[in-house]
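One letter stands for each residue in the lines below.
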Amino acid sequence: MCKYCLECDWQASTADGYTEKEVSEKAIEHFVETGHTVDSLRLPPPTAVLEN
């Protein structure tokens, strides 16, 4: 999951090592602090590494 601001360069993502809960909490904090609109994008699940 990735959450990002529609008004500035702020973003938080599970790809950065955060849990989905942490990403959501960070998005809420950003909104409360700035009043900026935050949107989200679902990331595809990690692909399995294939060994030959």
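Residues numbered from 1 in each chain as written. Predicted model: local features only at pLDDT ≥ 70, side-chain atom pairs only at ≥ 80, totals over all residues. Heavy atoms only, no water.

On the basis of which strands lie adjacent, the open sheet formed by three strands has the order β2-β1-β3 and antiparallel pairing. In the strand order of this sheet, the two ends are held by β2 (11-13) and β3 (38-41), each with one partner. Each strand axis lies, on average, 15° off the axis of its neighbour in the sheet, ignoring direction. Bridge analysis of strand β1 (residues 2-5) against β3 gives four bridges, and the strand direction is antiparallel. From the neighbouring strand, Cys2 faces β3, where its bridge partner is Leu41. Each of β1, β2 and β3 touches helix α1 (residues 20-34); the most contacted strand, β1, lies at about 10° to it. (Pairing = 2+ DSSP bridges. Helix = DSSP H or I, 4+ residues; strand = E, 2+ residues; numbered from the N terminus. Axes fitted to C-alpha atoms, helices over the stretch in contact; angles between N-to-C directions. Contact = heavy atoms within 4.5 Å.)

Take the pattern of salt bridges next. Evaluated as defined, the whole model comprises two salt bridges. Across the pair Glu20 and Arg42 runs a salt bridge, and its minimum N-O distance is 3.3 Å. Pair noted here: Glu20 is in helix α1 and Arg42 is in the segment after β3, with a separation of 22 residues, a long-range link. A residue is classified by how much of its surface remains accessible, and Arg42, at 58% relative accessible area, is exposed. The closest approach of N and O atoms between Lys21 and Glu25, which form a salt bridge, is 3.9 Å. Separated by four residues within a single helix, Lys21 and Glu25 lie in helix α1, roughly one turn from each other. Lys21 gets classed as exposed once you look at its relative accessible area, which sits at 60%. Look at Glu25 and you get partly exposed, because its relative accessible area is 38%. (Salt bridge = Lys/Arg side-chain N within 4 Å of Asp/Glu carboxyl O. Buried < 20%, exposed > 50% of the residue type's maximum accessible area, 1.4 Å probe, protein only.)

Any functional reading would require information that these geometric values do not contain.
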